[in-house]
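Observations on chain architecture
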Amino acid sequence: CSDWGSSSGTGTSGTNTNAALWTNNGSPGACGGAQRLYCLQQPPFKRVFVTSSGFTGNFGGLAGGDAKCQQHANAAKLGGTWRAWLSTASVNAKDRIPDAEYRLVDLATVVASSKADLLDGTLSAPITMDEHGARRGSFVWTGSNNDGTSTGGNCNGWASLAQNIGLGNNVDATLWSSSGTIGACGNSLRLY
């Protein structure tokens, strides 16, 4: 239908009466005829959680942290693509996420209204809900300052147990770093 801008010509139509619904076996429909549309929601927000289990600081770098978050999200059937809130010496956590509103997995609790709000030093709500919706309060690996930049403490790129680093604390809304609280990379802590 000329990129859906004309009532002349033909366009491929589908049928919603079975699972093969995007196309009706290639049968064209007249563009002048009235057809329904499929409408798919595009959520205006991103979901966040703290992992239900902990890990030592040697979890395989940023890719390993992302994989841990993805595994937890998959186990809870959350769908989507997930990233860990982590910084390294050369990568800031804030550069690994998009600008969006952020909510807990209950979908109702707003953590931050935008990326800038996420990085301004306080949050609307702490990230104390895990991927299953259970409340968790503990220290969390971040390697990040409150503005999402690297603290330099990151268990040697999240690939070593031989370092002591600053930790985030998710029991309040100032959680990316916890004012000098130091943890050994051999501790088992959660991820955002």
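As a reminder, the structure under discussion sits directly above these lines.
Below, the structure is looked at part by part. (Residues numbered from 1 in each chain as written. Predicted model: local features only at pLDDT ≥ 70, side-chain atom pairs only at ≥ 80, totals over all residues. Heavy atoms only, no water.)

Once that is clear, we can look at the pairing of strand 3 (residues 45–48). Across a regular strand the side chains alternate sides, sitting on one face of the sheet and then on the other. Taken together, the four bridges between strand 3 and strand 4 (residues 101–104) define a ladder with parallel strand orientation. Across the sheet, Arg 47 pairs through a bridge with Arg 103, a residue of strand 4. Remark: the strand 3/helix 1 (residues 61–75)/strand 4 crossover connection has right-handed handedness. (Pairing = 2+ DSSP bridges. Helix = DSSP H or I, 4+ residues; strand = E, 2+ residues; numbered from the N terminus. Right-handed = clockwise from strand over helix to strand, strands pointing away.)

Take the state of the cysteines next. The tally for this structure, following the rule as stated, stands at two disulfides. Through a disulfide, Cys 1 is tied to Cys 31; the S-S separation comes to 1.9 Å. Here the disulfide of Cys 1 and Cys 31 is left-handed, its torsion about the S-S bond being about -95°. Of this pair, Cys 1 sits in the segment before strand 1 (10–12) while Cys 31 sits in the loop between strand 2 (28–30) and strand 3; the two residues are 30 residues apart in sequence, bridging distant segments of the chain. An identical accessibility class is assigned to Cys 1 and Cys 31; each is buried. Covalent S-S linkage joins Cys 155 and Cys 185, the inter-sulfur distance amounting to 2.1 Å. Taking the sign of the S-S torsion, -100° for the link of Cys 155 and Cys 185, the bridge is left-handed. Within this pair, whereas Cys 155 is found in helix 3 (residues 155–158), its partner Cys 185 is found in the loop between strand 9 (182–184) and strand 10 (190–191), the two being separated by 30 residues in sequence. Look at Cys 155 and you get buried, because its relative accessible area is 0%. Using a relative accessible area of 0% as the deciding quantity, one classes Cys 185 as buried. (Disulfide = S-S within 2.5 Å. Buried < 20%, exposed > 50% of the residue type's maximum accessible area, 1.4 Å probe, protein only.)

Each strand in a sheet pairs with its neighbour through backbone hydrogen bonds, running either in the same direction (parallel) or in the opposite one (antiparallel). Read across the open sheet, the three strands follow the order 3-4-5; overall the sheet is mixed. Pairing within the sheet leaves two strands with one partner each, and these edge strands are strand 3 and strand 5 (110–112). Averaged over all adjacent pairs, the angle separating strand axes in this sheet is 40°, with direction ignored. (Axes fitted to C-alpha atoms, helices over the stretch in contact; angles between N-to-C directions.)

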